[in-house]
Structures are given as C-alpha cells and as structure tokens.
Amino acid sequence: MDECCHDKYVERIYEFTENRSEQNAFLEKLQNGLADEIMEVATCKLIDYHSFMDMLHGEWKFADAYNNYCKNEFEAIN
C-alpha cells in the first residue's frame, strides 16, 4: 500500500505452500471476505485511504486495522 503522506506498507498475506489444505484455507479466507476488505480499502469505500494508513502502526496488520475500524463504527451506531 502506498500513500503520499506515509511510508510504503507491505504485508505478506500468503506464502506459497505445497500443502493443499493450507492453500485451500487461504482461498476460502479470500473468498469469504478478505478480497472484499482489500477492495473496500483500495477504493476508499470503507474510509479514505490516508485515514486507513494512519491506522497501520506498530504491530497492527491490515486485518487489525480493518476490524478495529469496523468495530468502532458498529459501536458508534449502536
């Protein structure tokens, strides 16, 4: 991920393995939401890109930032 006010952010979401069950588990994860989450961030549907990049700090990974944002938004409307 790259945004003009932040350093490039790189995170490995998949590492090749010959183990078919591990491959299938990743494909299932991708099909069951991860691909949609990535697209929501990339297209700024969830939040503007700069603000999302602000959430990627310390040990936080993409999923941590995404889930925390969604949790806070859910709590704000309830």
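Coordinates for the structure precede this section.
Here goes a summary of the coordinates provided. Within each chain, residues carry numbers counting from 1 in the order of the written sequence. Thresholds applied to this predicted model are a pLDDT of at least 70 for local features of residues and 80 or more for the giving and counting of side-chain atom pairs; totals over whole chains, interfaces and linings are not thresholded and use all residues. Hydrogens and waters are ignored; side-chain quantities use all the structure's heavy atoms.

### Here's the deal with unusual backbone geometry
Point 1. Of note in the backbone geometry, Cys44 takes a positive phi value of approximately 60° without being a glycine.
Point 2. Helix and strand labels come from DSSP, where a helix needs a run of H or I of at least four residues and a strand needs a run of E of at least two; each type is numbered from the N terminus. Residue position: Cys44 is located in the loop between α1 (20–42) and α2 (49–55).

### A word on helix α3 (residues 62–77)
Point 1. In this analysis, the expected span of each helix is defined as 1.5 Å times one less than the number of residues it contains. Its 16 residues give α3 an end-to-end C-alpha distance of 23 Å, which sits within 8% of 22 Å, the value for a rise of 1.5 Å per residue.
Point 2. For α3, the full list of buried residues reads Phe62, Ala65, Tyr66 and Tyr69. The arc enclosing the buried residues of α3, seen along the axis, measures out at 100°, which places them on a common side.
Point 3. Those residues of α3 that are buried lie in contact with α1 and α2. Classification of residues uses two cut-offs on accessible area relative to the type maximum, computed with a 1.4 Å probe and protein chains only: under 20% is buried, over 50% is exposed, and between them is partly exposed. Read the arc as the range of directions from the helix axis to the C-beta atoms. Working rule for contacts: check all heavy atoms of both residues, and any pair within 4.5 Å makes them a contact.

### Some thoughts on the packing of aromatic side chains
Two measures describe an aromatic ring pair: the distance that separates the ring centres and the angle between the ring planes.
Point 1. Pairing of aromatic side chains here covers Phe, Tyr and the six-membered ring of Trp, requires ring centres within 6.5 Å, and sorts the geometry by plane angle: under 30 degrees stacked, over 60 edge-to-face, intermediate tilted. If you walk through the whole model with that rule in mind, you get three aromatic pairs.
Point 2. Taken together, a centroid distance of 4.5 Å and an interplanar angle of 35° make the contact between Tyr14 and Phe26 tilted. Of this pair, Tyr14 sits in the segment before α1 while Phe26 is found in helix α1, placing the two residues twelve residues apart along the sequence.
Point 3. Look at Phe26 and you get buried, because its relative accessible area is 16%.
Point 4. Between Phe62 and Tyr66, the aromatic rings sit 6.2 Å apart at their centres with planes inclined by 15°, giving stacked as the arrangement. Residue Phe62 and its partner Tyr66 are both found in helix α3; the two are separated by four residues, about one turn of the helix. As far as the burial class goes, Phe62 and Tyr66 line up, both buried.
Point 5. Taken together through their ring pairs, the aromatic side chains of Phe52, Phe62 and Tyr66 make up a single cluster.

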